[in-house]
Amino acid sequence: FQRGLALCEHMGAQQGMALCLNNLGLVAQDLDEYARARELHQRSYILSLETGQPHWQASSLQYLGAALTRLQAYSQAQRVLRKALKLYRSLGADRGTVLTLTALGQLACSMGEYDRSCKYLRRAAYLALKKRQTDVLLETLAASLELWHAVRNGSDPRLETWLRTL
C-alpha cells in the first residue's frame, strides 16, 4: 500500500490515495498502532471529502471510529461512527450499515453500556441476516462474543437476559 500511495501521489490520483491511506490505516490497526491508524483514516476522510466520494467518506469514518474506540476516545468515536452510519444509510449501503452498527456495539461494550451494545448488535445481526450478508454477520457474531465475555467477567446480574437476546 505504501508503493501504491506513492504512485497515486505522483499521479495526483486522490481517490487512489484515499484508498491506500484507508488500507494503511487498517494495517496499522492490525499492528495495534491506533494513533497512526487514526491519522491515516483522517487523511483518507479528508481526501474523500475533496473528491466527493460519500462511500469512501463513510468507510474512512467507520475505520476512524474503530481506531478512536481503541484509543478510548469514546465521545469522538461515537460522533464519527454515527456520521458513518448516517452516510451508509443514505447511500443504501447495507454492508457498511451492518459493519458500522457492529462498531457502535463494540464501542458501547467498551464503555460498559451493555444494553446499548446489545441493541446495536441485534440490529446489525438482523440486517445482515435479512440481506444475506454472511461475511458481515460473522463479524457481528464475533462482536457479540466480545460483549458476552465483557458481561461474563463483570458482576452485572442481567447477564442471562443479555445472553438470551443475542
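These figures come from a predicted structure and were not determined experimentally.

Criteria and thresholds
- Residues numbered from 1 in each chain as written.
- Predicted model: local features only at pLDDT ≥ 70, side-chain atom pairs only at ≥ 80, totals over all residues.
- Heavy atoms only, no water.
- Helix = DSSP H or I, 4+ residues; strand = E, 2+ residues; numbered from the N terminus.
- Rg over C-alpha atoms; globule rule 2.2 N^0.38 Å.
- Buried < 20%, exposed > 50% of the residue type's maximum accessible area, 1.4 Å probe, protein only.
- Contact = heavy atoms within 4.5 Å.
- Areas by Shrake-Rupley, 256 points an atom, 1.4 Å probe, with all protein chains shown as cover.
- Lys, Arg positive; Asp, Glu negative; His and termini not counted.
- Charge placed at Lys NZ, Arg CZ, Asp CG, Glu CD.
- Salt bridge = Lys/Arg side-chain N within 4 Å of Asp/Glu carboxyl O.

Turning to the overall build of the chain, a few remarks are in order. Along the backbone of the chain there are nine helices and zero strands. Over its C-alpha trace the chain gives a radius of gyration of 17 Å, about what one expects of a compact globule, namely 15 Å for 166 residues. C-alpha atoms of the chain, sized along the principal axes, occupy 60 × 30 × 25 Å. Per-residue burial for the chain yields a buried fraction of 44% across its 166 residues. Across the chain, every contact between residues at least 6 apart in sequence was considered, and the portion connecting residues at least 24 apart equals 49%. A total accessible area of about 9,200 Å² is found for the chain, and carbon and sulfur atoms account for 52% of it. With 21 positive and 14 negative side-chain charges, the chain shows a spacing of 7 Å between the two charge centroids.

Next up on the list: the pattern of salt bridges. Evaluated as defined, the whole model comprises five salt bridges. Between E39 and R36 there is a salt bridge whose closest N-O contact spans 2.9 Å. Taken together, the positions of E39 and R36, both in helix α3 (residues 34–51) and three residues apart, correspond to about one turn of that helix. Of the residues examined, R36 reaches a relative accessible area of 35% and is grouped as partly exposed. Across the pair E113 and R116 runs a salt bridge, and its minimum N-O distance is 2.1 Å. Residue classification places R116 among the partly exposed residues on the basis of a relative accessible area of 22%.

Below, the discussion takes up the environment of D94. Inspection of the secondary structure assignment puts D94 in helix α6 (residues 94–110). Taking the C-alpha atoms as reference points, D94 and Q42, 52 residues apart in sequence, are found 23 Å from one another.

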